[in-house]
Amino acid sequence: MSTSSQPPILTADSLTKSFGGFRAVNDISLTLGAREILGVIGPNGAGKSTLFNLLAGAIPLDAGRIGLDGVDLSHARPEARIRAGLGRTFQIPRPFARMTVLENVMASAQGQRGERLLPALIAPRRVAEQERANAVRAREILDFVALSHLEDQPASVLSGGQRKLLELARVLMAEPRVILLDEPAAGVNPALLDMIIDRIIAINQLGIAVLLIEHNMEMIARLCPRVIVMAAGKALAEGAPSEVTKRADVIDVYLEGMPA
Amino acid sequence: MELLAYAAFFLTIALTYAIMCLGLNVQWGQTGLFNVGVAGFVGLGAYVSAALTTPDAAERIGGFGLPIAVGWIAAMAAGGVLALAVGLLTLRMRSDYLAITTFGIAVALQLVFQNAEVLTGGAFGMAFIPRPFAGLQGQSFAFNMVNLALTAAVVAGVYLLLEHLLRSPWGRALRAVREDEIAAQALGKNPVLLRIQAFALGGAIMALAGAVQAHFIGFIAPGNYLPMMTFQVWAMLIVGGSGNNRGAVLGAVLVWAIWALSGAAISEIFPAAQQARAASLQIVIIGVMLCIILLWRPQGILPEVRSVSRHLGIRNKDS
Ligand SMILES: Nc1ncnc2c1ncn2[C@@H]1O[C@H](COP(=O)(O)OP(=O)(O)O)[C@@H](O)[C@H]1O
Ligand SMILES: [Mg+2]
């Protein structure tokens, strides 16, 4: 089973999920170190995004167990998982289209007093205080992902790459301890790629563990000391990127997905 | 003077619809909840307030002669509780269940109004509902003006309350759920809780509208709370601008004006024997108006503003 040298923050044991009779995730286990960037690679349809959906609670497990820093989250609701510090982005970005970029990020702050109806009504000053602090932080994060100049724009105007960055900004606003990044560089213009890599390193240096799904092998090689290769719902191989990509079985599953 | 008194009367009624429309705007405009039983919530508010405030009547239970304000508060509570119950039952499920349930509840309530004679007075409804400033009833101008002022104050109060809430983090979370429930949930929002809250708030406001209207007119009957009323309120919100509170008020006044004017025109033009049938022309006119708006300006006359948190000191920008 996969291990890292660090104390684990996220553990998944034997996760399994079927859609109808089809096993999209078949007995996957992993351990993510508290400061690790762990890669998840594999051909399309391997079950990588489904694994993220299971970890984030977007879909229920058929079997298995998920723990975050010793707390069992196997059956927790998605809102409880992000509150516990497990955040995720979506492979296909899901911006709040008719809200501004700044609002998108601010909406993501956890523990907002003003999100409860009664305090929103009767404690406007305390709500305002927290809002101002959150706005400062949201703007720092927008600066970090280079979206500041768009803060007043509705998210619907963003390009594909900018939407990926907004996904990242929103999840950072929630102050997670673990981030699941689903193809953060897919469809991003190459000029942005270096910046995204740089930002992921910076996030990791803040003490946030990262589980990273990515097809871009250059990016994987630069970010991940260790990767898990998934194929047909199973973990096929695991190790350093340079090593696993030499394995014949790994090359085979990648070639199968290629047009002849 | 007579004309002014009529204008005040007309505007007062329009403003009672504006309150309903504000309630629907919380549910649909901000939260995307499809309530097709608006008339049921309005009627419930009207009957509850009437039952509590009318003088004792021999033929039915109720008639407690309580102050009007008590009736209004009780109406809001009743509308809020009904909406809460409907929300708890349906808002965990697919969104179409809410539509079916609200429609069913409105029909059921209407049947209760009509048949629970000991409570509601049956088909004849309830009369002698105390009117605010009843002392002025002799002078129709003064009476209509003070009632207009009172109703406008209620509209303003509801409007300010909603603006305050919708520009708070609560409103932002509501819109996040409306825009993308899965993303909102992944970011820690509880969609079911937020929807139930918004639905209950909207239901309470609709019931208040029913109570205000009932007390202004002074009598109610089950025929006031037919699906037609739901249709009118929806038309008002779509015309005025779904998601925009000012749009909701504007739409209510505008659609009510067209409704009232076309009604008056029909009674002028058509002979008495034809009028019942000609009245359906009113619906056609509103329907055509809806089509025009949906084609020409689908977001309504006043589209939703991109509201930024009220605490950031940024001015709202019309999109
Ligand atoms: N909600 C779902 N219902 C049915 N099948 C699904 C669902 N989600 C994913 N799948 C299927 O599961 C398999 C794995 O999908 P996915 O996890 O998205 O793969 P990857 O992210 O590795 O490309 C695919 O065959 C996909 O069609
Ligand atoms: Mg995927």
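Residues numbered from 1 in each chain as written. Chains lettered and ligands numbered in written order. Predicted model: local features only at pLDDT ≥ 70, side-chain atom pairs only at ≥ 80, totals over all residues. Heavy atoms only, no water.

A few points about the site of ligand 1
All names here are of chain A. For clarity, the cut-off: Being near a molecule or strand, for a residue, means having at least one of its heavy atoms within 4 Å of it. A 3.5 Å cut-off defines polar contacts: any pair of N or O atoms within that distance qualifies, except that in protein one atom must be a possible hydrogen donor and the other a possible acceptor, and neighbouring residues in sequence count only when both atoms are side-chain atoms. The method behind every accessible area is Shrake-Rupley, applied with a 1.4 Å probe, and residues are considered shielded solely by the protein chains displayed. By the criteria applied, helices consist of DSSP H or I runs no shorter than four residues and strands consist of E runs no shorter than two, each listed in order from the N terminus.
Lining the immediate environment of ligand 1, one finds Phe 19, Phe 22, Ala 24, Pro 43, Asn 44, Gly 45, Ala 46, Gly 47, Lys 48, Ser 49 and Thr 50. Between ligand 1 and the protein, one listed contact pairs an oxygen atom with a side-chain N or O atom of Thr 50 at 2.5 Å. Coverage of ligand 1 by the protein amounts to 59% of the 560 Å² it exposes when considered alone. When contributions to the shell around ligand 1 are tallied by element, the ones reaching two or more residues are strand 2 (22–33) and helix 1 (48–56). Tallying contributions element by element places helix 1 first for the shell around ligand 1, with three residues.

Section: the environment of Met 206 of chain B
Residue and element names in this part refer to chain B. The test is simple: Here, residues are in contact when the closest pair of their heavy atoms is within 4.5 Å.
As for its placement among the helices and strands, Met 206 is situated in helix 9 (residues 191–217). Along the sequence, Met 206 and Gly 79 sit 127 residues apart, while their C-alpha atoms lie 7.1 Å from each other. Apart from residues lying up to four places away in sequence, Met 206 is in contact with Met 20, Gly 23, Leu 24, Gln 27, Asn 35, Val 38, Phe 41 and Val 42.

Overview of the sheet that holds strand 8 (residues 209–213) of chain A
Residues and elements named next belong to chain A. Selection rule: When DSSP finds two or more bridges between a pair of strands, those strands are recorded as paired. To obtain each axis, a line is fitted to C-alpha atoms, and for helices this fit is confined to the stretch in contact; angles are then taken between N-to-C directions over 0 to 180 degrees.
Ordered in space as 6-7-8-3-9-10, the six strands form an open sheet in which the pairing is mixed. Since the sheet does not close on itself, it has two edges, and those belong to strand 6 (86–88) and strand 10 (234–239), each with one partner. This sheet shows a mean twist of 20° between the axes of neighbouring strands, independent of strand direction. By the bridge criterion, five bridges tie strand 7 (residues 178–182) to strand 8 in an arrangement that is parallel.

What to know about the side chain of Thr 102 of chain B
Locating Thr 102 of chain B in the fold gives a position in helix 4 (residues 95–115). Within the local environment of Thr 102 of chain B, its side chain forms a polar contact with the backbone oxygen of Ala 99 of chain B, the two atoms lying 3.0 Å apart.

Quick notes on the interface of chain B and chain A
We apply this condition: Think of a salt bridge as a Lys or Arg side-chain nitrogen and an Asp or Glu carboxyl oxygen that are within 4 Å of each other.
With 35 residues of chain B at the contact, the number on the chain A side is 40 residues. Here chain B is connected to chain A by six salt bridges. Here Glu 103 of chain A and Arg 175 of chain B are joined by a salt bridge, their closest N and O atoms 3.2 Å apart. At the boundary of chain B with chain A, the tally comes to 13 residue pairs in polar contact (both at pLDDT 80 or more).

Quick look at the domain arrangement of chain A
Residues and elements named next belong to chain A. Rules: Segmentation of the chain into domains, including their bounds, is taken from an automatic or database domain assignment. Reported buried area values correspond to the accessible surface (1.4 Å probe) lost by two parts on association, with both partners' losses combined.
Entries for chain A in the domain assignment read domain 1 (8–94 + 161–256) and domain 2 (96–157). Centre-to-centre separation of domain 1 and domain 2, based on C-alpha positions: 27 Å. At the junction of the two partners, domain 1 supplies 19 residues and domain 2 supplies 19 residues. When the buried surface of domain 1 facing domain 2 is broken down by residue, Leu 166, Arg 170 and Met 173 rank first, second and third, together holding 40% of it. The tally of links between domain 1 and domain 2 comes to one salt bridge.

With respect to the coordination of the magnesium ion (ligand 2)
Around a metal, the ideal angle is 109.5 degrees if four donors adopt a tetrahedral arrangement and 90 or 180 degrees if six donors adopt an octahedral arrangement. All names here are of chain A. Stated precisely, the cut-off is as follows: Water is not part of the atom set, so a site may look incomplete; the donors themselves are N, O and S atoms within 2.8 Å of the metal, or 3.2 Å for Na, K and Ca. Working definition: with a 1.4 Å probe on protein chains only, accessible area under 20% of the residue-type maximum means buried, over 50% means exposed, and in between means partly exposed.
Taken together, the protein ligands of the magnesium ion (ligand 2) are Ser 49 (OG) and Gln 91 (OE1), with distances of 2.1 Å. Remark: Gln 91 occurs in the loop between strand 6 and helix 3 (101–106) and Ser 49 occurs in helix 1; sequence separation between them is 42 residues. Among the residues examined, Ser 49 registers a relative accessible area of 23% and is labelled partly exposed. Owing to a relative accessible area of 31%, Gln 91 belongs among the partly exposed residues under this scheme.

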